[in-house]
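So the chains spell out like this:
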Amino acid sequence: MLRRRGGLVRAAATTAVVAGTAGAVRHHQETKYAAKDQAAYEEQMAAQQPEVVYAEAPAPAPAGGDDLAAQIQNLANLKAQGVLSEDEFAAAKAKLISG
Amino acid sequence: MSLGPIEMFVVGFPDNGFNGEIAPALADLVEAGTIRVVDLLFIAKDTDGTVASFEINELDDDILGAYDTLVDEVHNLIGEEDVEDFADELEPGSSIALLVVEHVWAKPFADAVADSGGQWLGSIHIPRDVVDELTA
């Protein structure tokens, strides 16, 4: 079997970095987007409890320009590593920009 | 593919002795529906430092027999960087098995949490050496 280029362990470690740089407000969403397999699991959870992740999250604090760029760059890195799909990246980026 | 919570187990074989002896214990867990082995890769470093990785179907027949029944489907989760990273840490003349397991038991538990009106807020893995230190 031809193995993926990236690393499972590094992808998991990246999750922690992203969760650390993002505000606590977005923690759940960032974590959700950062790990593909975890995301699949949480999608099941979200399907059972659609209100939990989204409705109870307070409005995110306004992000400064550099901070926003850094967060988008983080997402871009995750996409480049194959952790995020195109759709997940677009959704997460839109959230950052609109937040 | 939709998987439950995933954890990677790293099992070392200091004398480079891949064998099938851990397989029966794993097989019990798989048959009981406790875990599912979703990816498996073996990495060996020769005494001269040469690194080789083996997929399950590349194992010797006697070892393959022990592991083959464990794995229903090998997902391509372990990547090349994992091989490189673990190989860097590996002592010459030793080998490791990387086992990526799905915690199948967690799904009904998560359902029970949801059905009871609770929320699954997260899980935190406590490393074995931390537990050993606290309970010593």
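Structure: see above.
Reading the values: rules and limits
Residues numbered from 1 in each chain as written. Chains lettered and ligands numbered in written order. Predicted model: local features only at pLDDT ≥ 70, side-chain atom pairs only at ≥ 80, totals over all residues. Heavy atoms only, no water. Helix = DSSP H or I, 4+ residues; strand = E, 2+ residues; numbered from the N terminus. Buried < 20%, exposed > 50% of the residue type's maximum accessible area, 1.4 Å probe, protein only. Contact = heavy atoms within 4.5 Å. Areas by Shrake-Rupley, 256 points an atom, 1.4 Å probe, with all protein chains shown as cover. Pairing = 2+ DSSP bridges. Axes fitted to C-alpha atoms, helices over the stretch in contact; angles between N-to-C directions. Arc of directions from axis to C-beta. Salt bridge = Lys/Arg side-chain N within 4 Å of Asp/Glu carboxyl O. Phe/Tyr/Trp six-rings, centres within 6.5 Å; stacked < 30°, edge-to-face > 60°. Lys NZ or Arg CZ within 6 Å of the ring centre and 35° of its normal.

Another point: the overall build of chain B. Along chain B, the regular secondary structure elements total five helices and four strands. Going from N to C terminus, chain B has its helices and strands arranged as β-α-β-β-α-α-β-α-α. Within chain B, the fraction of its 136 residues that count as buried is 39%. Taking the intrachain contacts of chain B between residues at least 6 apart in sequence as the baseline, contacts between residues at least 24 apart amount to 78%. When the accessible surface of chain B is summed, it comes to about 7,700 Å², and 52% of that surface belongs to carbon and sulfur atoms.

This brings us to the sheet that holds strand E2 (residues 35–45) of chain B. All names here are of chain B. In space, the four strands of this open sheet follow the order E1-E4-E2-E3, with antiparallel pairing throughout. Of all strands in the sheet, those bounded by a partner on one side alone are strand E1 (6–13) and strand E3 (51–54). Neighbouring strand axes in the sheet, compared pairwise and without regard to direction, differ in orientation by 20° on average. When E1 meets strand E4 (residues 94–103), the two strands line up antiparallel, connected through eight bridges. Looking across to E4, one finds that Gly12 is bridged to Ile96. Its contacts with the sheet place helix H3 (residues 80–89) against E1, E2, E3 and E4, and it is angled at close to 55° to E2.

Looking now at helix H1 (residues 23–31) of chain B. Residue and element names in this part refer to chain B. Burial in H1 covers these residues: Ala23, Leu26 and Ala27. Down the axis of H1, the buried side of the element spans an arc of 105°, and every buried residue falls inside it. Tucked into the core, H1 has its buried residues touching E2, helix H2 (61–68) and E4. Downstream of H1 by one or two residues, Gly33 has phi in the positive range, about 75°.

Before going further, it helps to spend a moment on the environment of Leu90(B). All names here are of chain B. With respect to the helices, strands and loops of the structure, Leu90 is situated in the loop between H3 and E4. Taking relative accessible area as the criterion, Leu90 reaches 8% and is therefore assigned buried. Those residues in contact with Leu90 that lie beyond four places of it in its chain are Ile43, Ala44, Lys45, Ser95 and Ile96.

Residue and element names in this part refer to chain B. Overall, the coordinates contain 10 salt bridges over all chains when judged by the stated rule. Residue Arg36 pairs with Glu102 through a salt bridge whose shortest N-O separation is 2.7 Å. Of the two residues, Arg36 is situated in strand E2 and Glu102 in strand E4; the sequence distance between them amounts to 66 residues. Residue classification places Arg36 among the partly exposed residues on the basis of a relative accessible area of 37%. A salt bridge links Arg128 to Asp132; its shortest N-O distance comes to 3.3 Å.

Inspection of every chain in the model, using the stated rule, returns one aromatic pair over all chains. Relative to Trp120(B), the ring of Phe109(B) lies with its centre 5.5 Å away and its plane at 70°, an arrangement referred to as edge-to-face. Within this pair, whereas Phe109(B) is found in helix H4 (residues 106–115), its partner Trp120(B) is found in the loop between H4 and helix H5 (128–135), the two being separated by 11 residues in sequence. Using a relative accessible area of 46% as the deciding quantity, one classes Phe109(B) as partly exposed. Owing to a relative accessible area of 24%, Trp120(B) belongs among the partly exposed residues under this scheme. One residue, Lys79(A), lies across the ring of Phe89(A), its end atom 5.1 Å from the ring centre.

Residues and elements named next belong to chain A. Checked against the element boundaries, Ala69 lands in helix H5 (residues 65–80). On the accessibility criterion, Ala69 (44% relative accessible area) is partly exposed. The sequence separation of Ala69 and Ile97 amounts to 28 residues, and the corresponding C-alpha distance is 9.4 Å.

Residues and elements named next belong to chain B. Within the secondary structure, Gly20 is located in the loop between E1 and H1. For the pair Gly20 and Asp62, spaced 42 residues apart in sequence, the C-alpha separation works out to 7.9 Å. In contact with Gly20, not counting residues within four places along its chain, are Ile63, Ala66 and Tyr67.

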